[in-house]
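Chain residues, written in single-letter form:
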Amino acid sequence: MKPIFVTGGAGFIGSAFVRQILEATSDVKIINFDALTYAGNLENLNDLDAARHQFVKGDICDKDAVLKALPDETDAIFNFAAESHVDRSIASASEFVMTNVLGTQILLDAARAKNVRRFVQISTDEVMGTLPEDDAAFFTENSPIEPNSPYAASKAAAEHFVRAARETFGLDTIVTRCGNNYGQRQFPEKLIPLMISNAMNDEPLPVYGDGRNVRDWIFVEDHARAIWLAYEKGKSGESYNIGARNERQNIEVVQSILDALGKPHSLIKYVDDRLGHDRRYAIDAAKTENELGWKPLTDWETGLQKTIRWYRENQDWVNHIRNGAYRDYYKKLYGMEIAQSR
Ligand code: NAD
Ligand code: TDX
C-alpha cells in the first residue's frame, strides 16, 4: 500500500478527494489529518473503508503532531487544510495567516524531515486577483500574483513558501490553482450551498452588490481528479490552473437555484457589497488539459442538479450546521437571523 497524507480531508474538497481516491485506486492508503475546525465534519467521512483510510485529529500548525502522524517515506502530502472563506478573512485575518501560511511551512519542513516524495499544495485562482468583466482575459499560470483579500494573500504567501522549499532544498512540489468549486458537502457559508439552504428554508438570499460579479464554477469531483493527475503526471515546480470554462454572474447562479427548487425570485435580497470584492475570475486551463490529459466531466446543469438533490436529501447534515455556532456567524455577517431548522 502506498501511503499518502491528506490534510483538511474532513472539509468539502478534501473529503471529495479522499472518497474519489479510495474508489479509483486499490493500492493507496490515506492518512487524513484534520483539526476539525468549524468547517471540518466527521459526517463527511462516515462511510469510508477503515482499512485504507485513517483519520487523525490534528492541527497543521502543531509540528509535533504532524511529525507523529506522518510516516517516513510517505509518497505525497496533499495540503487541503486551510481557512477558506473570504468573508471570515475580512472579519479577522490572523487565523488565515496561522493555518494557511505557518501551517503550510510546518508541513513543508515535515515533508523534508520524513523524506516525502512529492508535496501538492492546493491553491486557488484568487491568488491572481481579479479580471475586468468586459475583457476576454483569463488567468494563466503566468498571470501575476496579485491577491486582494486577506484569504487570497495568505494562499499566495503559502505558494511562495512552497516555491522557496523547492528552490532552497530541492523539495518536489506541485501547486494547483482552481476556481470556485461546488458540490456535495460544501459548508453553507459559500454562495451555492448558502443559497440552497436559505431557499429550502424560505429565508432571504443575500446577494452582494449588484450581483454581477463573475465566478468560474467547477464541480468538486472534477477538481479532485485534476489534483490526482497533477500528482501523478505533473512536473516538479510547476503550477496548474484548473477550471471548467464555466463563467457565471452570481445573480444568474442564484436565480437558477431558486428555479430548480421552485421558489420565487422575490427571496433575493441585495445587500451591501463585500469589501474589496473581486469582480471576475476566469481560468485558462489549457496547460492542465494538455499536459495532464484532464478535462471536466460534469457540466454545469448536471452538477447543479446533483448538488441541489444532495442538499435536499441530506437536510440533517445542513441542519446540524445551521443550528450551531453558524447562527452567530450569520447574524454578525448579514445582520439577519436565520430560523432554527427542525
Ligand atoms: P473547507 O473550509 O471546507 O475545509 C477546510 C478543512 O481544513 C476543514 O476540514 C478544516 O477542519 C481543516 N482545517 C482548517 N484548519 C486546519 C488546521 N490548522 N489544521 C488541520 N486542518 C485544518 O475548505 P475547502 O473548500 O474544502 O477548501 C480546501 C482547500 O482548497 C483549501 O486549501 C482552499 O484554499 C482550496 N480551494 C478551495 C476552493 C473552493 O472553491 N472551495 C477553490 C480553490 C481552492
Ligand atoms: O452571501 C453571499 N452573497 C454573495 O453575493 C456570499 C457568501 C457570496 N456572494 C458572492 C461573493 C462572490 O462573488 O458570491 C461569489 C462567491 O462567493 P464565495 O462562495 O464566498 O466564494 P469566493 O469568494 O469566490 O471564493 C471561493 O473561491 C475560491 C472560495 O470560497 C475559496 O475558498 C476559493 O479559493
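Since the model is a prediction, treat every value here as computed from it, not as a measurement.

### Remarks on the site of ligand 1
Link 1 in the chain: Neighbouring ligand 1 are 28 residues, the closest being Ile13, Asp34, Ser84, Tyr151 and Lys155.
Link 2 in the chain: Backbone polar atom of Gly40 to an oxygen atom of ligand 1: 3.5 Å apart, as the coordinates give it.
Link 3 in the chain: In isolation ligand 1 exposes 840 Å². Once the protein is present, 96% of that is buried.
Link 4 in the chain: Counting only elements with at least two residues in the shell around ligand 1, the list comes to α1 (12-24), β5 (118-124), α5 (150-169) and β7 (180-182).
Link 5 in the chain: For the shell around ligand 1, the element with the most residues is β5, which contributes 3 residues.
Link 6 in the chain: When the residues that make up the shell around ligand 1 are grouped by side-chain class, the tally is 13 nonpolar, 12 polar and 3 charged.

### Here we look at the site of ligand 2
Link 1 in the chain: Glu126, Tyr151, Arg274, His277 and Tyr334 are the nearest of the 23 residues found near ligand 2.
Link 2 in the chain: Note that an oxygen atom of ligand 2 is positioned 2.5 Å from one of the side-chain N or O atoms of Tyr151.
Link 3 in the chain: Counting residues per element, the ones that place at least two in the shell around ligand 2 are α3 (86-91), α6 (191-200) and β8 (205-208).
Link 4 in the chain: Across the shell around ligand 2, the residue classes break down as 10 nonpolar, 7 polar and 6 charged.

What counts, and at which threshold
- Residues numbered from 1 in each chain as written.
- Chains lettered and ligands numbered in written order.
- Predicted model: local features only at pLDDT ≥ 70, side-chain atom pairs only at ≥ 80, totals over all residues.
- Heavy atoms only, no water.
- Near = heavy atom within 4 Å.
- Polar contact = N/O pair within 3.5 Å; in protein donor to acceptor, adjacent residues only side chain to side chain.
- Areas by Shrake-Rupley, 256 points an atom, 1.4 Å probe, with all protein chains shown as cover.
- Helix = DSSP H or I, 4+ residues; strand = E, 2+ residues; numbered from the N terminus.
- Nonpolar A, V, L, I, M, F, W, Y, C, P; charged D, E, K, R; others polar.

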